[in-house]
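# Observations on the three-dimensional arrangement
Listed below, chain by chain, are the residues.
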Amino acid sequence: MVNAASSALEKPIRPGGAITRQTFPVLEMTCAACAVSVESMLNNTPGVAKAAVNYANQSVAVEYDPKAITPQGMQQVVQSIGYDLVVDAEDPQQVQQEAQQRHYEAVKQRTIWAAILSLPVVIIGMFFMDMPYGNYIMMALSAPVVFWLGRSYFINAYKQARHGKANMDTLVALSTGIAFLFSAFNTLYPEFWHSRGLHPHVYFEAAAVVIAFISLGKLLEERAKSNTSSALKKLMGLQPKTVRIVEEGAGPHSVERELPIAQVRVGQIIVVRPGEKIPVDGVVESGESYVDESMISGEAIPVAKRTGESVFAGTINQKGSFRFTARKVGGETVLAQIIRMVQEAQGSKAPVQKLVDKIAGIFVPVVIGIAILTFAAWMLFGGENAFTHALLTSVTVLVIACPCALGLATPTAIMVGVGKGADNNILIKDAESLELGYKVNAVVLDKTGTITEGKPTVTDLAWQVSDGEIPNLSPVLYALEARSEHPLADAVVERLRADGVVGSVLVGFESLTGRGVSGRYQNNTYVVGNARLLAEQGLRITPTVQKLATDWQEAAKTVVYFADQTRILAVMAIADPVKHTSREAIHTLRKRGIAVYMMTGDNQQTAQAVAKAVGVSDYRAEALPADKAAFVQELQAQGKVVAMIGDGINDSQALAQADVSIAMGRGSDIAMDVAKMTLITSDLKSVPKALQLSRKTVQAIRQNLFWAFIYNVIGIPIAAGLLYPVNGFLLNPMIAGAAMALSSVSVVTNSLRLRSAKL
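Residues numbered from 1 in each chain as written. Predicted model: local features only at pLDDT ≥ 70, side-chain atom pairs only at ≥ 80, totals over all residues. Heavy atoms only, no water.

### Things to note about the overall build of the chain
What the chain contains, in helices and strands, is 29 helices and 26 strands. Here the chain holds 759 residues, and 52% of them are scored as buried. Long-range contacts, defined as pairs at least 24 residues apart, comprise 70% of the intrachain contacts of the chain with a sequence gap of at least 6. Looking at the chain as shown, the accessible area adds up to about 34000 Å², and 56% of this sits on carbon and sulfur atoms. (Helix = DSSP H or I, 4+ residues; strand = E, 2+ residues; numbered from the N terminus. Buried < 20%, exposed > 50% of the residue type's maximum accessible area, 1.4 Å probe, protein only. Contact = heavy atoms within 4.5 Å. Areas by Shrake-Rupley, 256 points an atom, 1.4 Å probe, with all protein chains shown as cover.)

Written out as structure tokens, the structure is:
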């Protein structure tokens, strides 16, 4: 987390040093101030350009020069203040999960024993205060609670103090330690107070129960925090642990061998059986099957896989078996990249978090100062029980003040928001875009591949010959288009292939640039192309065909003719169809008061037809990449917060310019690299979902911060005794401990409500 030191820190690194960015799990952090301490130490380490700690997911993202500092060197720096980095493990996330599980079990045991030992102390302290040796029994029971079960607070507080720092452990150690020592003195030397006419009060139950309540709060917090990363765990669960590879055996036989997934190498042949998860990315070598790719593409229908088809890690094989060659393994697979993007987003900071981090960094010293002032005020104006009240109130101030609620307010909401996005096929790269999304009031949409399918399709095929001639002519058309290099030719080939047509063997073939193609079959010449080609061939377009062509062109379709030497044989309309969800998505955005614009490099006629079909009144046609970026800039100059949605390389400039950039997941790698959000699915309805998710997440952050601040604003003055002159009320340290634990749990619980939010 960022503190005052790190905000101004952009330390020069060794000249020419290549900066590496890496995320490491952090162990042993117990509160938000711990995160500030770790971050501050790393940010002041030579060779580290920037470090950002996320307390909610217990990790640190570090940008450093590997020539100036190694991960092991950073680990030593962190260990010096009582924490640890996971740097050498083969699977750091696994090590972190195991450490967190051990920590959870330890906190659970500590809480149970603290509760068992504290209960009799509370009963004696509240109902049997005058029983013989009652104070000695309470001291004997509370000592192991404070100094054994609560020893981590004292150890960590000491390590922090060595570096001039303080955190939540400091508050707990001071409050429980002072309460116990004061009570022990009163138990062993009661005559000190009796000689002064005062009763020696003891607060063993307060010290013990504070440890028990704080341990319970930590237990609930750890359980709640583990739930915030459920989406990431779900993604990681898509990766199988082992794979079955094929090795050449003796003779013609091959041998199958099972390997851990970490040992798979590019080029190895892998066997996948029915119902199994595909372990790595690759290309089908032999066999056929249908694969459920919904976790990657968002599409529910299984995809047919044959030889030469690509398969992806984490997807699930259906009924058939096949073998495939590994092409991408480890961190290079699509699934690994998705997991990495989610991890980095969950670990990134929203802009509001920077202010919260600064507050958390100075919070503990301020609270200690308030506790000292409280003690001094009671000593001066407290009357005959001044010392007792001074001690009680200052201990209560230390107990009730908690920076954890502040520290958890933003990152837990961000983690749940990013996870919710991943569950809805929305990959969010950083917290800033998630926080900014709710302000978007203008959306700029690319046309091809965003509003439309991005794949030309034959929408109409009208034969101008008798039905008996079609079976003989279709193979000729197929053969001509199969050899054509024009992008629209593929659409014709796909259509004919779907109809079961097989191409004829052409005697000659010629590509006619800008007009079409021609070829010879059985002593006849055939052409496929535009109207200009027909004119060159001296062929007349009949009124019937002309009307068809005019109607199709007005609907933004490209018209292609198929003819022989004497007549037009067929006329085809090719278009990039509008996605069936685009109109609904655009309507939803406009209903929310968001202005929608369309930008395309296509011609005016096509742009107009598509804009009309989806309900966009403001569009720009024949736009170059620079024009798209300039238009985004123009909207920003008008004071609008702009979201750009695109899928191609030509959209990357505008994506980089926009306030919130969203890439369609089936687009180019460059567009996805530039964009701050990526939609795994091709469904445009995910855009309003992403903006709604931003709104819900920001609402949760604001609610969390409000309750965290209001808790401390109200709690600390009451703990200091503000109500005592009015009604004689003094807050018991036990109640303060319960309230402190509840504040952190309530913030995390409020963030978890996002998981059930409707988008």
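More follows now that the structure is in view.
### Observations concerning the pattern of salt bridges
Tallied over the entire structure, the rule returns 13 salt bridges. The shortest N-O distance in the salt bridge between Glu 256 and Arg 273 comes to 2.9 Å. Of the two residues, Glu 256 sits in strand β6 (residues 254-260) while Arg 273 sits in the loop between β7 (269-272) and β8 (281-287), which places them 17 residues apart along the sequence. The partner of Arg 515 in a salt bridge is Glu 536, with the nearest N and O atoms 2.7 Å apart. Linking Arg 515 in the loop between β17 (508-512) and β18 (516-521) with Glu 536 in helix α20 (residues 531-536), this pair joins segments that are 21 residues apart in sequence. Counted as one network, the salt bridges with shared partners bring together Glu 469, Asp 564 and Arg 567. (Salt bridge = Lys/Arg side-chain N within 4 Å of Asp/Glu carboxyl O.)

### As for the packing of helix α22 (residues 582-591) against helix α23 (residues 604-614)
As a packed pair, α22 and α23 sit with axes 8 Å apart at the nearest point and diverge in direction by 70°. In terms of orientation, α22 and α23 fall into the roughly perpendicular class. On α23, the residues that touch Ser 582, Arg 583 and Ile 586 of α22 are Lys 612, Ala 613 and Val 614. Tallied by class, the residues present in the contact of α22 with α23 amount to three nonpolar, one polar and two charged. (Axes fitted to C-alpha atoms, helices over the stretch in contact; angles between N-to-C directions. Parallel < 35°, antiparallel > 145°, perpendicular 65-115°, else oblique. Nonpolar A, V, L, I, M, F, W, Y, C, P; charged D, E, K, R; others polar.)

### A word on the sheet that holds β17
Strand order in the open sheet made by the six strands is β16-β21-β20-β19-β18-β17, with antiparallel pairing throughout. Each having just a single partner strand, β16 (457-463) and β17 make up the two edges of the open sheet. Each strand of the sheet is rotated relative to its neighbour by a mean of 15°, with strand direction disregarded. Relative to strand β19 (residues 524-529), β18 is paired through six bridges, and the arrangement is antiparallel. (Pairing = 2+ DSSP bridges.)

### Thoughts on the side chain of Asp 446
By secondary structure assignment, the location of Asp 446 is in strand β15 (residues 442-446). A relative accessible area of 4% means that Asp 446 is categorised as buried. Among the polar contacts made by the side chain of Asp 446, one reaches the side chain of Lys 628 at a distance of 3.1 Å. (Polar contact = N/O pair within 3.5 Å; in protein donor to acceptor, adjacent residues only side chain to side chain.)

### Quick notes on the UniProt feature "transmembrane region" (unreviewed entry) in the chain
As annotated in UniProt, the feature "transmembrane region" (unreviewed entry) corresponds to residues 111-129, 135-158, 170-189, 201-220, 359-381, 387-410, 705-724 and 730-752 in the numbering used here. As annotated, residues 170-189 comprises 95% helix and 0% strand, and the C-alpha atoms at either end are separated by 28 Å. (UniProt positions renumbered as here; feature names shortened; annotations may be inferred.)

### Some details on helix α18 (residues 470-483)
Across its 14 residues, α18 extends 20 Å between first and last C-alpha, which sits within 8% of the 20 Å expected from 1.5 Å per residue. With 10 of 14 residues buried, α18 lies mostly within the body of the structure. (Expected span 1.5 Å × (residues − 1).)

### Points about the sheet that holds strand β9 (residues 289-292)
The strands making up a sheet are joined through hydrogen bonds of the backbone, oriented either antiparallel or parallel. Spatially, β10-β9-β12 is the arrangement adopted by the three strands of the open sheet, whose pairing is antiparallel. This sheet does not close on itself; its edge strands, each paired only once, are β10 (303-305) and β12 (316-317). Sheet topology note: the β9/β12 ladder contains two bridges and is antiparallel. Looking across to β12, one finds that Val 291 is bridged to Asn 317.

### Re the confidence of the model for the chain
Scored by pLDDT, the chain comes out at a mean of 81, with 84% of its residues at no less than 70. Of the regions scoring below 50 in pLDDT, residues 1-16 engages in 42 contacts with residues more than four places distant in sequence or in other chains. (pLDDT = per-residue confidence, 0-100.)

### Let's talk about the packing of aromatic side chains
What the rule picks out here adds up to 11 aromatic pairs. Between Phe 180 and Phe 204, the ring centres sit 5.4 Å apart and the planes meet at 65°, which makes this aromatic pair edge-to-face. Remark: Phe 204 occurs in helix α9 (residues 204-228) and Phe 180 occurs in helix α7 (residues 168-188); sequence separation between them is 24 residues. For Phe 180, a relative accessible area of 7% translates into the label buried. Ring pairs connect the aromatic residues Phe 147, Phe 154, Phe 180 and Phe 204, which therefore count as one cluster. (Phe/Tyr/Trp six-rings, centres within 6.5 Å; stacked < 30°, edge-to-face > 60°.)

### Brief notes about unusual backbone geometry
Despite not being glycine, Gln 522 has its phi angle at roughly 50°, a positive value. Taking relative accessible area as the criterion, Gln 522 reaches 57% and is therefore assigned exposed.

### Some words on the environment of Trp 378
Considering the arrangement of structural elements, one finds Trp 378 in helix α13 (residues 351-381). In this view, Trp 378 contacts Ala 386, His 389, Ala 390, Thr 393, Ala 720, Gly 721, Tyr 724 and Leu 730; residues no more than four positions away in its chain are not counted. A polar side-chain atom of Trp 378 sits 3.4 Å from a polar atom in the side chain of Thr 393.

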